[in-house]
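Chain and residue survey
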Amino acid sequence: MSSRIHLLSPQLANQIAAGEVVERPASVVKEVLENAIDAGAEKISIEVEQGGVKLIRIRDDGKGISKDDLPLALSRHATSKITALEDLEAVASLGFRGEALASISSVSRLTLTSRSAEEDAAWQVKAEGRDMVAEVSPSAHPQGTTVEMRDLFFNTPARRKFLKTENTEYRHLEEVVKRLALSRFDLQFQLSNNNRVVHQLKPANSEQMRERRIASLLGSGFIDNALSLDISAEASGLRLWGWIGLPTYSRSQADQQYFFVNGRIIRDKLVTHAIRQAYADVLYNGRHPCYVLYLELDPALVDVNVHPTKHEVRFREGRLVHDFIFRTIHRVIAQTRPGEQNNDTSVSTLLQGQNQPIQQQFDQQGISLPTSGSSGGTAGINFSNYVRPATPSAGEVKQQLAGYGALHPNSTQTQAVAMDQPAEQQDIPPMGFALAQLHGIYILSQTAEGLILVDMHAAHERIVYERMKSAWESDGLRGQPLLVPVTLNLSEAEVDIAEERSEVFAKLGFSVERMGQESIVIREVPVALARSDVSLLVRDVLSDMKVYGSSSRIEESINELLATMACHGSVRANRLLTLPEMNALLRDMEATERSGQCNHGRPTYVQMTMNELDKLFLRGQ
Ligand code: ADP
Ligand code: MG
């Protein structure tokens, strides 16, 4: 009789729905943890065995479920969180579909034990896949709820086959716990795997504790190389806060990207795009930025009912949100210039972990920036008031606190340096004064704190590039006539491009004219590039233009084009610089946005403090 239409049994309906919500142990943990958070819990403990397949037990101290509601909690489309369609317009809770517990209980042996705040006894219901009519029996439990699930997918072998190894399932599950622990710093979490406590997270009520939680969840690498920010746009009611990794701390995978909208983790194309674009200028192709960011806005301006697992959202004002995220992060990154950061931890971290090749460590740790010096804000809002480097990780804090009791290590160190200096040198700029050029590649500079090594080509390239960008944005680059015009023989197609794009060329500071079928003459080049190889430069610009196509596409890709040009205009390795030239470069770096990285996202300089040098030589230990 299978061809006749009939109603599905509740169990089968739930198992089908479970396919959407319950994919693997991690999805069970997500749903049950969200319920605990929705119930106002302050302490949540998660115990799992065998990657969650054998056991998941989640206990909370939330408001609990009353005796009469217990069986209802397990039925489909039963929820206490919304009552009318209007509520969907501004959902404040994490759950609202009322199908998680029903789905989970249809594919596992589930025990739900709870004592509600209003009752003085605890009650329990059990469901074992088949037995959908739950019986309520008395139990013992403090206020709050425990959900215990055993033998996930015991009655749906087809789904069980899709599970990966115990370790893989555990990693997914741990990731879910991480996300929720990042979404609610005020709650206490404990995660145990096979009877071993893996994460023990106390409520984090200060910036330092929040950063410590991040370090313990994501490793200290991120937070040691992150900038913290908190920026609100009064008019639109948008607020973005959190931590973004320095461009030099990028990763080959997009695996350290956490974005929360009103406390809910999301993965959204619009958001990802805005952030990528903000980093576009300072990241290698194929590298991924790291971030833990929180966007807050009026719940009525965002639709969370787009997807069953609620990973996507829809913003009512997508454009506005995109621009806000892009502009905020873009400017924060632009602030990573000398004198605005107080991150003196990187080289000491290097020294602690000498089991990895140094080069790799530099890549991971990124750069460290000098501590003293003034800040020149960009036009408009002065972001430096809101942006500050992340505080040192837990271990370093402990180390430092030990020192603070007796004397302030930083201040003594600075004093010691100051006493050795001639009076006129006491006002040392952040990048210090050049001492020498090493092998035609690096500049060695003495700073108030210790020393700095600058990759002169990378640094100069960044400076030239930033200058050309701002010139382009005002009225274009200024040209300088060549003493002797240069004639270039090209293909006819290239000459055509040069002719068609002569306006763009003019704005870039070039004067280019067609001479014949296959040649052009160059009479002017941008001032900043006057000393470079003109024919090579113009050939490169032309080949970029060929790739970008129409003039509007050129305008869109102008930063890439300017980067190509900047490379021509910057000092080559092996050019000998005089001390005044080197010092001029250092001063330029201090004045330039994003001078901490070259155009390819590599650090332009590294620093070592006297402390770190002393450690290297085991001085005073
Ligand atoms: P939803 O979360 O979408 O409402 P669920 O199936 O996850 O649906 O839960 C059903 C109902 O059970 C919830 O609306 C809530 O009233 C109750 N509930 C579930 N877990 C808990 C908990 N840990 N504490 C208190 N109430 C809970
Ligand atoms: Mg729920």
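Residues numbered from 1 in each chain as written. Chains lettered and ligands numbered in written order. Predicted model: local features only at pLDDT ≥ 70, side-chain atom pairs only at ≥ 80, totals over all residues. Heavy atoms only, no water.

**Focus: the side chain of Glu 612**
Along the chain, Glu 612 turns up in helix 23 (residues 610-616). Lys 615 provides the closest opposite charge to the buried, unpaired Glu 612, separated from it by 6.4 Å. A polar contact of 2.8 Å, which involves the side chain of Glu 612, links it to the backbone nitrogen of Thr 609. (Helix = DSSP H or I, 4+ residues; strand = E, 2+ residues; numbered from the N terminus. Buried < 20%, exposed > 50% of the residue type's maximum accessible area, 1.4 Å probe, protein only. Lys, Arg positive; Asp, Glu negative; His and termini not counted. Salt bridge = Lys/Arg side-chain N within 4 Å of Asp/Glu carboxyl O. Polar contact = N/O pair within 3.5 Å; in protein donor to acceptor, adjacent residues only side chain to side chain.)

**Digging into the sheet that holds strand 22 (residues 519-526)**
Judged by pairing direction, the sheet is antiparallel, and its three strands sit side by side in the order 20-22-21 without closing on themselves. Looking along the sheet, the strands with just one partner apiece sit at the ends: strand 20 (479-489) and strand 21 (511-516). Pairs of neighbouring strands in the sheet enclose a mean axial angle of 15°, with direction left out of account. Note that strand 21 and strand 22 share five bridges and pair antiparallel. (Pairing = 2+ DSSP bridges. Axes fitted to C-alpha atoms, helices over the stretch in contact; angles between N-to-C directions.)

**Some words on the packing of aromatic side chains**
As enumerated under the stated definition, the model contains six aromatic pairs in all. On the numbers, 6.0 Å between centres and 55° between planes, the contact of Phe 185 with Tyr 294 is tilted. One end of the pair, Phe 185, is in the loop between helix 7 (166-183) and strand 7 (188-193); the other, Tyr 294, is in strand 13 (residues 291-296), with 109 residues separating them in the sequence. Comparing Phe 185 with Tyr 294 shows no difference in burial state: the two are buried. Both rings, one in Trp 241 and one in Trp 243, keep their centres 6.2 Å apart while their planes meet at 65°; by these two values the pair is edge-to-face. (Phe/Tyr/Trp six-rings, centres within 6.5 Å; stacked < 30°, edge-to-face > 60°.)

**With respect to the sheet that holds strand 23 (residues 605-609)**
Reading across the sheet, the four strands line up as 17-18-19-23 and stay open at both edges, with antiparallel pairing between neighbours. Looking at strand neighbours, the two that pair on one side only are strand 17 (433-438) and strand 23, the edges of this open sheet. Across the sheet, the mean angle from the axis of one strand to that of its neighbour is 20°, orientation sign disregarded. Seen against the sheet, helix 16 (residues 456-474) touches strand 17, strand 18 (442-446) and strand 19 (450-455) and runs at an angle of roughly 70° to strand 19. Lying over the sheet, helix 22 (residues 579-591) contacts strand 17, strand 18, strand 19 and strand 23, oriented at roughly 115° with respect to strand 17. (Contact = heavy atoms within 4.5 Å.)

**Things to note about the packing of helix 10 (residues 269-279) against helix 11 (residues 318-334)**
Contact geometry of helix 10 with helix 11 gives a least axis separation of 8 Å together with a crossing angle of 30°. As the angle between them shows, helix 10 and helix 11 are arranged roughly parallel. Handedness of the crossing formed by helix 10 with helix 11: right-handed. Counted together, Leu 270, Val 271, His 273, Ala 274, Ile 275, Gln 277, Ala 278 and Tyr 279 of helix 10 and Gly 318, Val 321, His 322, Ile 325, Phe 326, Ile 329, His 330 and Ile 333 of helix 11 form the full contact between these two elements. (Parallel < 35°, antiparallel > 145°, perpendicular 65-115°, else oblique. Left-handed = near helix turned anticlockwise from the far one by under 90°.)

**Brief notes about helix 10**
Turning to helix 10, its buried residues are Val 271, Ala 274, Ile 275, Ala 278 and Tyr 279. All buried residues of helix 10 lie within an arc of 130° about the axis, which places them on one face of the element. Its buried side turned inward, helix 10 meets strand 10 (238-245), strand 11 (257-261), strand 13, strand 15 (314-315) and helix 11. A side-chain oxygen of the first residue of helix 10 lies 3.0 Å from the backbone nitrogen of Leu 270; this N-cap is Asp 268. (Arc of directions from axis to C-beta.)

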